[in-house]
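Take a look at the letters that make up each chain.
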Amino acid sequence: MRVLFDIALAHLANRKRQSVVSIGGVAMGVGFFIAMAAMMSGFQSYFIAKVIDVSPHVVMKDEFRRAPLQPINRTYPNAAVFLQGLRPLDELRGIREARATIEQIENMGGIAAAPTLRGPIILRYGSKDVSGTMVGIEPARERRVTNIESDMVTGKLEGLLSTANGIVLGAGLASKLGVGMNDTLSAISPAGIVLAMKVVGIFSTGVTTIDNFEAYSLLKKSQILQNRANVVNQLRMRLDDVKLARLTADALEARYGYRTESWEEANSNVLGIFVIQNAIMYSSVGAILVVAGFGIFNILSTVIYEKTRDIAILRSLGFSEGDVRRIFLTQGVIVGLLGTALGWVLGFALTELLASIKFNMEGFVKTEGFVLDRSFRHYWLVAIFALVISGLAAFLPARRAARLRPVDIIRGAA
Amino acid sequence: MFVLRAEGVTKTLNEGGNSVTLVREIDLDIAPGEFVAITGPSGSGKSSLLYLLGLLDAPSAGRIWLDGVDTSPLDSGALAAVRLAKLGFVFQFHFLLPEFTAFENVMIPMRRLGALDGPTMRTRAGDLLAELDLTPEAGKRPGQLSGGQRQRVAIARALANDPRVILADEPTGNLDTTNARNVFEIFARLTGSGDRTVIVVTHDVDLAARAGRRVHVVDGRIAVA
Ligand SMILES: Nc1ncnc2c1ncn2[C@@H]1O[C@H](COP(=O)(O)OP(=O)(O)OP(=O)(O)O)[C@@H](O)[C@H]1O
Ligand SMILES: [Mg+2]
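Residue numbers here run from 1 along each chain, matching the order of that chain's written sequence. As they are written, the chains are lettered A onward and the ligands numbered 1 onward, keeping that order. Note on the predicted model: pLDDT of at least 70 is required for a residue's local features to be given, and 80 or more for side-chain atom pairs to be given and counted; whole-chain, interface and lining totals, by contrast, use all residues. To obtain the side-chain values, all non-hydrogen atoms of the structure were used and water was disregarded.

## Overview of the interface of chain B and chain A
Argument step 1. With 26 residues of chain B at the contact, the number on the chain A side is 28 residues.
Argument step 2. Computed with a 1.4 Å rolling probe, the buried area is the accessible surface lost when two parts are put together, summed over both parts. Summed over both sides, the interface between chain B and chain A buries roughly 2500 Å², with carbon and sulfur atoms accounting for 63% of that surface.
Argument step 3. Here, a salt bridge means any side-chain nitrogen of Lys or Arg that lies within 4 Å of a carboxyl oxygen of Asp or Glu. The tally of links between chain B and chain A comes to three salt bridges.
Argument step 4. The residue Asp6(A) makes a salt bridge to Arg111(B) at a minimum N-O spacing of 2.7 Å. The contact definition used throughout considers only heavy atoms, calling two residues in contact when any of these lie within 4.5 Å.

Written out as structure tokens, the structure is:
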């Protein structure tokens, strides 16, 4: 009703400075939320997009989630005697019948798979020793599974085929070693084998863990280097639909027994950090809005204290308890709405300000500034939150105002 | 036919165990067009009775009929609606809304009722202010008005929804003799047409004499009806 709104507005106009402060409080909360959400969500989705782009969606490893049952336990499952110091049998590691498995997996449809042998190595160049991970690949298959090829800074993946002992290095790894194209370095495996390898390419994916630690060679060379002839210890897979990663991983693990991880599981540490990051952001920005809510509570309590007489007048004129409540709730909502509107502008401005800052940062991924997610969803989300807070903050004072008994006030004033 | 009827109306307050009776067993019938003055010593319960008759306070016992309707079963919202449409209050202190002009103050009850369209409401507000010689003051805020002018704005506002009954609690208590007489003349004029009822609480015997009927309250009871 217009008249209620006009009265609400008149009350706020009466306390201009306090109203402006309350509106400012809401605007700050809303603005910071929008800017921080743009930053966080931008970074997170950038990271996820990168990871999905660069690394395989699903990896099958030559491991088992639970240690296999030892023969003694299998034979006597309910034995009364417990043997300590049991050492498991040495097993030949590696995925058995990898070729056949790849064929079966690819026949399932929607999945491309590539065999790899991953193992630790030390790369030596001059007097520098740098440890890393050697990933033995078959270029023809690998390129269907990861986008390593498009991330080559110099050289080509094919170089591995045309050079006798070719190696492709991550940019970070290369710079740690101080090697460039066509340099020859030594690769030393835990098996004690040393190979002289020639750098035929350098890649930069933007994902720090890959760029700083991974090196690629032909699968055959890796098997020689690690002294594990014909062994494949990881199957890397790319799905047509990345959303199926988790389901596919579970299905494959159930079928083959090998530990099979989706990209989410492989990056669960980082995704876990994201969850904490978001929780911190939401709670700190939420706190700003809660403080803003106290501002609204404060101004309304003051207005109601000052306006008890007006409340009694309105009631004597025939305004109901509900009308009085609505007048004060409206004030809260007006502060909330104006604060939100101002906060949207502030948030937009802050986001643009962040966008204009350029710097080089190497965290989980490499960026040249903030990656911002300017999604309109954040604007709505925070608007709803701000309005709910404003409404709640206004509710208690409004209810108190509605419960005032006009007779008591008139008596007190007379 | 009565516009307002009280039957056995009693108001008792309970405060910290001991109860105070403000108004006892009041029976009162008021006909349309009557100009009633409620008089009595200070603390006798005149104001309390007026709040009860004006449906601003609920009686502890007894019933009040307004326009032939028993108001005792009505809830707070329904009572507010009745006040809005059928009753008008004037208090000793001006009690105008300070942020609004005289004109806007008169508009507020009409806008809340919403029975008339905008232009009609504005015309009516202008007419009411003119009737009370307030046309030059229409655009002023209460703070810019004299005590007498404020009281007349309050009367204009009480008249806004063309109520059946006007209830005034010592409306002249804060005014000088001229203004006080002026207010009483207005009330006399209002009741003159025969349809509108005015009930005024006053301790001014001279003014009370101008009313058509006097109700004397002593110790919460009607002494001389
Ligand atoms: N909240 C209350 N608690 C206790 N007693 C009250 C309360 N309100 C009023 N009273 C008492 O009720 C009695 C009637 O009060 P009321 O205001 O109706 O008197 P009045 O006739 O209007 O007096 P006055 O002419 O001074 O305005 C007084 O004795 C007053 O002290
Ligand atoms: Mg009194």
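Picking up where we left off.
## Focus on the environment of Ile108(B)
Argument step 1. Tracing the sequence through the fold places Ile108(B) in helix H3 (residues 102–113).
Argument step 2. Accessibility expressed as a relative area gives 2% for Ile108(B), which makes it buried.
Argument step 3. Residues Ile108(B) and Asp204(B), spaced 96 residues apart in sequence, show a C-alpha to C-alpha distance of 31 Å.
Argument step 4. Not counting residues within four places of it along the chain, the set of residues in contact with Ile108(B) comprises Val3(A), Leu317(A), Phe319(A), Leu97(B) and Phe100(B). In DSSP terms, a helix is any run of H or I states spanning at least four residues, a strand is any run of E spanning at least two, and both are numbered starting from the N terminus. Each residue is placed in one exposure class: buried if its accessible area under a 1.4 Å probe, protein chains only, is under 20% of its type's maximum, exposed if it is over 50%, and partly exposed if it falls in between.

## Side note on the packing of helix H14 (residues 321–356) of chain A against helix H15 (residues 376–403) of chain A
Residue and element names in this part refer to chain A.
Argument step 1. Contact geometry of H14 with H15 gives a least axis separation of 8 Å together with a crossing angle of 155°. As judged from the angle between their axes, H14 and H15 are roughly antiparallel. Like other packed secondary-structure pairs, H14 and H15 cross with a definite hand, here right-handed.
Argument step 2. Each residue belonging to the contact of H14 with H15 can be placed in one class, and the counts come to 19 nonpolar, six polar and three charged. In this description, a line fitted to the C-alpha atoms serves as the axis of each element, helices being fitted only across the stretch in contact, and the angle between N-to-C directions of two axes falls anywhere from 0 to 180 degrees. For classification, angles of less than 35 degrees are called roughly parallel, those exceeding 145 degrees roughly antiparallel, those between 65 and 115 degrees roughly perpendicular, and all remaining angles oblique. With the far helix as reference, a near helix turned anticlockwise by less than a right angle produces a left-handed crossing, and one turned clockwise produces a right-handed crossing. In this classification, the charged set is Asp, Glu, Lys and Arg, the nonpolar set is Ala, Val, Leu, Ile, Met, Phe, Trp, Tyr, Cys and Pro, and all remaining amino acids, among them Gly, are polar.

## A short note on the domain arrangement of chain A
Residue and element names in this part refer to chain A.
Argument step 1. Where each domain starts and ends follows an automatic or database-derived domain assignment. By the assigned domains, chain A splits into domain 1 (2–52 + 270–413) and domain 2 (94–232).
Argument step 2. Relative placement of domain 1 and domain 2: their C-alpha centres are 53 Å apart.
Argument step 3. Listed as interface residues are six residues of domain 1 and, on the opposing side, five residues of domain 2.
Argument step 4. Carbon and sulfur atoms supply 45% of the area buried between domain 1 and domain 2, which totals about 470 Å² over both sides.
Argument step 5. Considering only the surface of domain 1 that becomes buried against domain 2, Lys50, Glu362 and Lys366 emerge as the three largest contributors, covering 64% of it.
Argument step 6. At the boundary of domain 1 and domain 2, one finds zero salt bridges.

## Quick word on the environment of Gly109(A)
Argument step 1. Tracing the sequence through the fold places Gly109(A) in the loop between helix H4 (98–107) and strand S2 (111–125).
Argument step 2. Taking the C-alpha atoms as reference points, Gly109(A) and Leu239(A), separated by 130 residues in sequence, lie 9.0 Å from one another.

## Comments concerning the site of ligand 1
Argument step 1. Around ligand 1 lies a shell of 13 residues, among which Ser42(B), Gly43(B), Lys46(B), Ser47(B) and Ser48(B) are the nearest.
Argument step 2. For this description, a residue counts as near a given molecule or strand if any of its non-hydrogen atoms is within 4 Å of it. Of the chains in the model, those with residues near ligand 1 are chains A and B.
Argument step 3. Two N or O atoms count as a polar contact when they lie within 3.5 Å, although within protein this holds only if one can serve as hydrogen donor and the other as acceptor, and sequence-adjacent residues are included solely when both atoms are side-chain atoms. Take Gly43(B): an N or O atom from its main chain is 2.8 Å from an oxygen atom of ligand 1.
Argument step 4. Contacts to ligand 1 include Lys46(B), whose side-chain N or O atom sits 2.6 Å from an oxygen atom.
Argument step 5. If ligand 1 stood free it would expose 630 Å²; the protein chains cover 66% of that surface.
Argument step 6. Sorting the residues of the shell around ligand 1 by element identifies strand S1 (4–15) and helix H1 (46–53) of chain B as the ones contributing at least two each.
Argument step 7. By residue number, the principal contributor to the shell around ligand 1 is H1(B), which donates three residues.
Argument step 8. Across the shell around ligand 1, the residue classes tally to three nonpolar, six polar and four charged. Computed with the Shrake-Rupley method and a 1.4 Å probe, the accessible areas treat only the protein chains shown as cover for residues.

## Focus on a nonpolar patch on the surface
Residue and element names in this part refer to chain A.
Argument step 1. Together, Ile72, Tyr76, Val81, Leu83 and Leu86 line one region of the surface with nonpolar side chains, adding up to about 490 Å² of accessible area.
Argument step 2. Position of isoleucine 72 relative to the elements: it lies in helix H3 (residues 71–75).
Argument step 3. With relative accessibility at 33%, the residue isoleucine 72 sits in the partly exposed group. Only residues whose relative accessible area exceeds 30% and that form no salt bridge enter a patch; like-charged residues are grouped when within 9 Å of one another, and nonpolar side chains (Val, Leu, Ile, Met, Phe, Trp, Tyr) when within 5 Å.

## Topic: the sheet that holds strand S5 (residues 69–70) of chain B
Argument step 1. Each pair of strands is called paired provided DSSP finds at least two bridges between the two strands. Across the sheet, four strands lie side by side as S2-S1-S4-S5 (chain B); this open sheet has antiparallel pairing. Unpaired on one side and paired on the other, strand S2 (18–30) and S5 of chain B mark the two borders of the sheet.

## A short note on the side chain of Glu170(B)
All names here are of chain B.
Argument step 1. Position of glutamate 170 relative to the elements: it lies in the loop between strand S7 (165–169) and helix H6 (177–192).
Argument step 2. Counted charges follow a simple rule, with Lys and Arg positive, Asp and Glu negative, and His plus the chain ends left uncounted. Of the side chains with opposite charge, lysine 46 lies nearest to the buried glutamate 170, which makes no salt bridge, at 4.7 Å.
Argument step 3. When neighbours within four sequence positions are excluded, glutamate 170 is seen to be in contact with Lys46, Gln92, Val201 and His203.

## Side note on the pairing of S2(B)
Residue and element names in this part refer to chain B.
Argument step 1. Relative to S2, S1 runs antiparallel, the two being bridged by nine bridges. Across the sheet, the residue bridging to threonine 12 is threonine 21, located in S2.
Argument step 2. Hairpin connection from S1 to S2: two residues lie between these consecutive antiparallel strands, with glycine 16 at a positive phi of about 55°.

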